[in-house]
Amino acid sequence: MTGASGFIGRHLLDTLKDTHRIFGMARRSQAHSGAPVHPNISWFQVDIGDRERLAAAFRSVAEGGGAELLIHLAAHYDFTGERHPEYQRTNVDGLRNVLDLCRSVLHPGHFVFASSVAACACPRAGAALTEASPADGKHVYSVSKRIGEAMLAEYGRDFHSTVVRFAALFSDWCEYAPLFSFLGTWLSSAWNARILGGKGLSAVPYLHIREVGRLFRLLLDRLGGLAPGEVVLASPDGAVDHLTLFREATLCYYGYRRRPLLVPRVLCGPGIRAGNRNFFFTHSHVYCSSGLRGDTETIPWSSLILFIHSSSW
Ligand SMILES: NC(=O)c1ccc[n+]([C@@H]2O[C@H](COP(=O)([O-])OP(=O)(O)OC[C@H]3O[C@@H](n4cnc5c(N)ncnc54)[C@H](OP(=O)(O)O)[C@@H]3O)[C@@H](O)[C@H]2O)c1
């Protein structure tokens with residue numbers, strides 16, 4: 001598992017550690033990242049952009065028993081909307097290194113690639129993203145995921161691959177920066193606490209990180225039945241619009257639903273505009289892959305709101 005020290009990686013290690021032997025890879029150490037420590041987990045501190053060191057790590061994995069499955073989570077993303085050299089170095093060149101070394105050294109039977117629903121452009125109003133939607137987003141992050149998804153096809157003779165497009169993942173501790181920022185603003189006394197951009201109908205498909213463990217258990221059971229290169233959406237049906245989010249969050253915190261101030265998008269701050277442009281889906285419905293469907297849980301408002309406010313205690 002590359003990217004084992006990240007948000008998804010740490011949770012997946014927890015889910016799989018009792019049932020699988022796992023070789024985790026990341027630049028940070030287990031201790032530094034807070035990744036679980038367990039007799040079934042071996043750790044390699046390696047930068048996937050450094051081909052020589054990555055090759056040495058892959059050889060050690062091969063000598064240590066090899067791997068039937070490679071879960072590739074390592075990637076760069078941030079919410080600045082800026083271009084960053086790591087999109088190319090890690091997301092594209094690093095992935096190339098991982099794929100080439102799978103072909104020449106590790107020979108896994110299956111490769112799971114972490115992509116994103118944000119790889120796709122926002123669907124038009126009333127339309128939905130599905131597994132068949134093209135990865136046609138224009139943002140540099142989306143483009144890096146599109147290149148990654150396309151690259152897998154070049155290795156079709158070497159191993160089967162599956163693309164998992166994740167929705168926006170959050171935890172009981174929030175851990176999804178835009179959601180943290182929205183709740184932190186709406187539940188504060190700041191001047192913009194009641195401002196929503198546009199009609200408040202831009203929306204995000206949120207998924208609790210807990211669901212990712214469940215999805216991977218289902219996925220691992222059914223990998224053999226998936227078509228080569230198949231796309232799976234790790235997403236709830238539908239997306240939560242910001243008006244609903246605002247109303248429910250304020251109800252939970254104040255005991256009543258605050259009335260938002262709806263401000264035309266052109267008058268909103270760049271953060272709100274950028275968010276709408278890059279990450280959010282207006283009136284969209286995003287579906288779990290059929291056959292991998294699981295019940296998704298609703299957002300745990302109380303714990304999220306408690307966390308937002310305890311962070312300033
Ligand atoms: N979280 C979400 O809401 C979400 C949504 C859609 C898609 N995804 C995708 O899911 C995957 C995992 O996301 P995440 O939320 O777990 O991300 P994250 O918390 O930012 O973790 C990224 C992981 O990649 C590793 N990494 C980054 N650059 C690396 C490099 N050059 N060499 C080796 N390791 C490197 C990081 O490890 P070190 O820093 O220790 O090197 C870390 O383990 C990513 O591909 C992301 O694009 C996530």
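A. Here's a closer look at the site of the ligand. If you check the shell around the ligand, you find 28 residues, and the closest are Gly3, Gly6, Arg27, Arg28 and Ala75. Sorting the residues of the shell around the ligand by element identifies helix H1 (7-16), helix H4 (85-106), strand S4 (110-116) and strand S6 (168-170) as the ones contributing at least two each. The biggest single contributor to the shell around the ligand is H1, with 3 residues. Residues of the shell around the ligand, tallied by class, amount to 14 nonpolar, 11 polar and 3 charged.

B. How the structure looks around the pairing of S4. In terms of burial, S4 is a largely internal element, 6 of the 7 residues being buried. Here 4 bridges tie strand S3 (residues 69-72) to S4, and the two strands are oriented parallel to one another. Within S4, the residue paired with isoleucine 71 across the bridge is valine 112. Taken together, S3, H4 and S4 constitute a β-α-β crossover, and its handedness is right-handed. Taken together, the 7 bridges between S4 and strand S5 (residues 160-166) define a ladder with parallel strand orientation. Each residue of the ladder has a partner; that of histidine 110, found in S5, is histidine 160. Taken together, S4, helix H5 (residues 140-152) and S5 form a β-α-β motif whose crossover is right-handed.

C. Structural detail: the packing of helix H3 (residues 51-63) against H4. In contact at an axis separation of 10 Å, H3 and H4 are set at 40 degrees when each is read in the N-to-C sense. Relative to H4, H3 is oriented oblique. When the axes of H3 and H4 are compared, the crossing they make is right-handed. Residues Arg51, Leu54, Ala55, Phe58, Arg59, Val61 and Ala62 of H3 touch H4, and the partners they reach there are Asn97, Leu101, Val105 and Leu106. Split into classes, the residues belonging to the contact of H3 with H4 amount to 8 nonpolar, 1 polar and 2 charged.

D. Spotlight on the packing of H4 against H5. The geometry of H4 relative to H5 is characterised by a closest axis approach of 9 Å and an angle of 10 degrees between their N-to-C directions. The angle between H4 and H5 places the two elements in the roughly parallel class. Along its contact with H4, which presents Tyr87, Asn91, Val92, Leu95, Arg96 and Leu99, the element H5 presents Val140, Tyr141, Ser144, Ile147, Gly148 and Met151. Its residues placed into classes, the contact of H4 with H5 shows 8 nonpolar, 3 polar and 1 charged.

E. Here's a closer look at H5. Between its first and last C-alpha atoms H5 spans 19 Å; for 13 residues at 1.5 Å apiece the expected length is 18 Å, and the two agree. Tucked inside the fold, the buried residues of H5 contact H4, S4 and S5.

F. View of the environment of serine 235. Within the secondary structure layout, serine 235 lies in the loop between strand S10 (230-234) and strand S11 (240-241). Considering only alpha carbons, one finds serine 235 and leucine 215, 20 residues apart in sequence, at a separation of 9.7 Å.

G. Representation of the nonpolar core. In terms of nonpolar packing, the biggest core is built from 70 residues, with Cys102, Val117, Leu169 and Ala234 touching the most fellow members. Per-element tally for this core: the top contributor is H4, with 7 residues. Built from parts of two domains, this core gets at least three residues from each of domain 1 (7-169 + 206-234) and domain 2 (175-204 + 238-284 + 294-306).

H. Region of the structure containing unusual backbone geometry. Even without a glycine there, the phi angle at histidine 107 is positive, about 50 degrees. Inspection of the secondary structure assignment puts histidine 107 in the loop between H4 and S4.

I. The arrangement of the sheet that holds S10 in detail. Read across the open sheet, the 4 strands follow the order S3-S4-S5-S10; overall the sheet is parallel. Only two strands of the sheet have a single partner each, and these edge strands are S3 and S10. Within this sheet the neighbouring strands show an average axis-to-axis angle of 20 degrees, counted without direction. Examined bridge by bridge, S5 and S10 share 5 bridges and lie parallel to one another. Among the inter-strand pairings, valine 164 is bridged to a residue of S10, identified as valine 232.

Cut-offs applied
- Residues numbered from 1 in each chain as written.
- Predicted model: local features only at pLDDT ≥ 70, side-chain atom pairs only at ≥ 80, totals over all residues.
- Near = placed C-beta within 6 Å.
- Helix = DSSP H or I, 4+ residues; strand = E, 2+ residues; numbered from the N terminus.
- Nonpolar A, V, L, I, M, F, W, Y, C, P; charged D, E, K, R; others polar.
- Buried ≥ 20, exposed ≤ 12 C-beta atoms within 10 Å, placed from the backbone.
- Pairing = 2+ DSSP bridges.
- Right-handed = clockwise from strand over helix to strand, strands pointing away.
- Axes fitted to C-alpha atoms, helices over the stretch in contact; angles between N-to-C directions.
- Parallel < 35°, antiparallel > 145°, perpendicular 65-115°, else oblique.
- Left-handed = near helix turned anticlockwise from the far one by under 90°.
- Contact = placed C-beta atoms within 7 Å.
- Expected span 1.5 Å × (residues − 1).
- Core = buried A, V, L, I, M, F, W, Y, C linked by C-beta atoms within 7 Å.
- Domains from an automatic or database assignment.

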